[in-house]
Each structure stands twice: as C-alpha cells, then as structure tokens.
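Per-entry structural report
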Amino acid sequence: MIPVASDVHKGRCWFAMIPKDGKLQMLEPIECTREAWLKRLGELPPEAEIALEVSTSGYFVMSVLEEAGWRERSHWVHTAGVDSLRKQKSDRLDTRRLVKKLAVHEIEPLPEAWFPPAPVRELRLLARQRCGIARLRAQTKNRVSSLLEMHGLRLRGSAFSEAGRAWIRSQQLSAGARQSFERMFRLYDYLSAERESSEAELAAAAVGFPEVARLGTIPGIGHILAAIIWSEIGDLKRFDSPEALVNYTGLAPSLHQSGEVSIQGAITHQGPVWLRWALVTAANAVVRSRSPLGRRYWRLRRRGKLPNVAKTAVAVSIARCVYGVLKHGGVYQEERWGRRTGNELEQ
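One structure accompanies this document, and this report is about it. (Residues numbered from 1 in each chain as written. Predicted model: local features only at pLDDT ≥ 70, side-chain atom pairs only at ≥ 80, totals over all residues. Heavy atoms only, no water.)

Looking at helix H2 (residues 56–67)
Just so we agree on the cut-off: Helix and strand definitions here come from DSSP, where helices need a minimum of 4 consecutive H or I residues and strands a minimum of 2 consecutive E residues; each element is numbered from the N-terminal end. Given a helix with a known number of residues, its expected span is that number minus one, times 1.5 Å. For every residue, the accessible area obtained with a 1.4 Å probe (protein chains only) is divided by the maximum for its type, and the residue is called buried under 20%, exposed over 50%, and partly exposed between those limits. Note on definitions: a residue-residue contact is assigned when non-hydrogen atoms from the two residues lie within 4.5 Å.
The first and last C-alpha atoms of H2 sit 17 Å apart over twelve residues, in line with the 16 Å expected at 1.5 Å per residue. Listing the buried residues of H2 in full gives Ser 57, Gly 58, Val 61, Met 62, Ser 63, Val 64 and Leu 65. Contacts from the buried residues of H2 go to strand S1 (2–8), helix H1 (34–43), strand S4 (48–53), strand S5 (74–77) and helix H4 (118–150).

Digging into a positive patch on the surface
Our working rule: Residues enter patches when they are more than 30% accessible in relative terms and free of salt bridges; like-charged ones are connected within 9 Å and nonpolar ones (Val, Leu, Ile, Met, Phe, Trp, Tyr) within 5 Å. With residues, only the protein chains shown are counted as cover, and all accessible areas are computed by Shrake-Rupley using a 1.4 Å probe. Any Lys or Arg side-chain nitrogen located within 4 Å of an Asp or Glu carboxyl oxygen qualifies as a salt bridge. Positive charges are assigned to Lys and Arg, negative charges to Asp and Glu, while His and the chain termini are left out of the count. The atoms used to mark charge sites are NZ of Lys, CZ of Arg, CG of Asp and CD of Glu.
On the surface, Arg 295, Arg 299, Arg 302, Arg 303 and Lys 305 cluster together into a patch of positive charge. Accessibility expressed as a relative area gives 36% for Lys 305, which makes it partly exposed.

Some words on the nonpolar core
Formally: By convention a nonpolar core is built from buried Ala, Val, Leu, Ile, Met, Phe, Trp, Tyr and Cys residues, the set being connected through side-chain atoms within 4.5 Å.
Within the largest apolar cluster, 49 residues are counted, with the highest numbers of intra-cluster contacts made by Ile 318 and Val 322. Within the residue set of this core, elements represented by two or more residues are H4, helix H6 (175–206), helix H7 (210–215), helix H8 (223–233), helix H9 (242–249), helix H10 (273–286), helix H11 (292–302) and helix H12 (307–328). Residue contributions to this core peak at eleven residues, all from H12. Among all residues touching Val 322, those that are not within four sequence positions of it are Leu 215, Ile 218, Ile 221, Ile 229, Ile 233, Leu 245 and Leu 279. One finds Ile 2, Leu 41, Val 61 and Leu 65 within the second-largest nonpolar core, a separate group that totals 24 residues.

Here we look at the pattern of salt bridges
Tallied over the full model, the rule gives eleven salt bridges. The salt bridge partner of Asp 189 is Arg 165, with a shortest N-O separation of 2.6 Å. One end of the pair, Asp 189, is in helix H6; the other, Arg 165, is in helix H5 (residues 162–169), and 24 residues separate them in sequence. For Arg 165, a relative accessible area of 8% corresponds to the buried category. Through salt bridges with shared partners, one network takes in Arg 124, Arg 128 and Glu 232.

Observations concerning the environment of Pro 242
With respect to the helices and strands, the residue Pro 242 is situated in helix H9. Remark: the alpha-carbon pair of Pro 242 and Ser 90, spanning 152 residues in sequence, is separated by 40 Å.

Structure, rendered in structure tokens:
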C-alpha cells in the first residue's frame, strides 16, 4: 500500500504521498474539479490508497472516487481534534500529517466516517431537504407570532387560516406592519406547497427501500420519519448493538469519569442532527398514545422525571426498537419490543 493524502478545499486540493522508499513527498496541488481529480487518480500508482478529511468538498471528491472505482481504497477521515495541541496549521502541514496517519492506519486505525452508497445519498438528500423546508416554515409561523405580540394583538386560532388572515387585515396597523404580515403569509403558502411536494418526492424515493416500510410500523413513526431515520442510518451492519446505535444518535448521556468520580450529564448531541430530531419527534407523538412506549413516558413522569428527560428516554427506546426491526427484518412486534423496551433487542 502506498499512502496518499489530500487536503480538500473548494478551490484547491493539496497532496502528499509516501512512496515505497519511505520518503514523504508533496505532489503538485490541483483544482477541485472532477476532471482534475480523474487525471490525478490516473497518475497515482495502482497500489495507492487515499485519505481525505470529512467536509463538503470532501463529499464531492468521495463521489468522484466512487465513480472512478476507488471507493474501496478511499478513507473519509474525521480529523477534528486530531493534533489539536499543535500551534502550527496550514494546508500543507495538514496533508503531511494525514498521510503519516494513513501510513500506520493498520496499527492505529483512522477515525473514518461512513460514506453512504448513491441510493442512500439520494434518499438522504431528499429527506434533509424536506426537513429544511419544514424548519423554514416553522420559523415563518414563529415570525408571525412575534409580529402579533409586537403589536399587542391576541388572536384565537391560527393566523394562517382564512379567518385569521382576515382578522389581522382588519386591525389598525402601520404600512410596514401590514406589509410584513402579507409577506409572511405569502412565504408560508409557498413553503407549505414546497413541503407537500418534497414529501411526495421523498415518499416516492422511499418505495425502493423495504426498511422504510418496516420502520413505519413502530409507534410514533410515520412514512416521513421512517424515510428520514433510514436515510441517516443507511446500513445497520455499522452498529453491532442497540447501544452503538443509541450512541450514534447522540441521545446517550455524556459521562465524565476520573478515579472514583463518575458524573453522568446531558445527552452528547453527537451524530446526525436530523436522526436525533426524527426520534424525538416520534417520542413526542407516541407519548400521547396508549402504547407501551407512551405508558413508559408517564411512568417516568410519575417518578419525578422532567418532561424532556422522559421524552428523551422514550426516544432512546424507539431507537432500540429501530435496531430490532432492522436487525430481524420484520415489522414491529409489541410483545417483543414494546413491553420491556430494549431488553430483548440483543437476543
């Protein structure tokens, strides 16, 4: 194996290589384009393996490497916090450090990220697009609520219904306030239409994934949340236990341990944001039901747990159910995963 590393940026990519003689050498930088990368790959020795950092530009380069048949020889590396004590940093130094780490990765494995295959990437793109539109729509609703409060208006019901809009238009408002309301109404209508179309596209893309249908049988998870959850997980083989999946979601409690002191804190918030959001959203829905997951929430509340703490615990239970459904390839079974959530998943 001949290690090659690249520090990828939007405009330029730096390269370093350690050939068979063991002497590190810097290669000529290239532009970050598909043509330039394909040309550079053709110049590298056939036994070369390449490492690059996780980034938006790195995402593009990984797709080019996959297209060129380099996927099995590529390493998409998390380097945040690595060499953080060093006081010197430059693209050239970053590339040299990365190629040195790749040279010894069989002894000290690199902290690699998972680059999903093209179908999962496409589903993930549609899922995150839908989530982004929904977030903008919620921000628009919050902005209208803020405008109402700023002008001392107390509206019963929705501000976006026909009656609510008519009531707001009938109030004594300045020209600027009236224009702000009208603009927010138009933006809300546009985002609502975009959300509907994005959900239809996501549902159509999810048809090709039987895992999405199975996840939809779990209480609190509909077809949209199921598609979001599967697009963020992508391959259950990456997780060897339910605990590994929970850790990936960022819903696991943080831990500080030193000597005889062990302190458990808030959740880590590590991992995919939208996966965590989907599980918490499912928990918010299921706590209103009479399912075992809903009853678990109220048991925790009676024990004095705060609402958000209890909902997070339910979200963790849903993540364990997700692991069980995906692992066994069947639909959700309440008698198996619902009554003692999580205990049977390891069987």
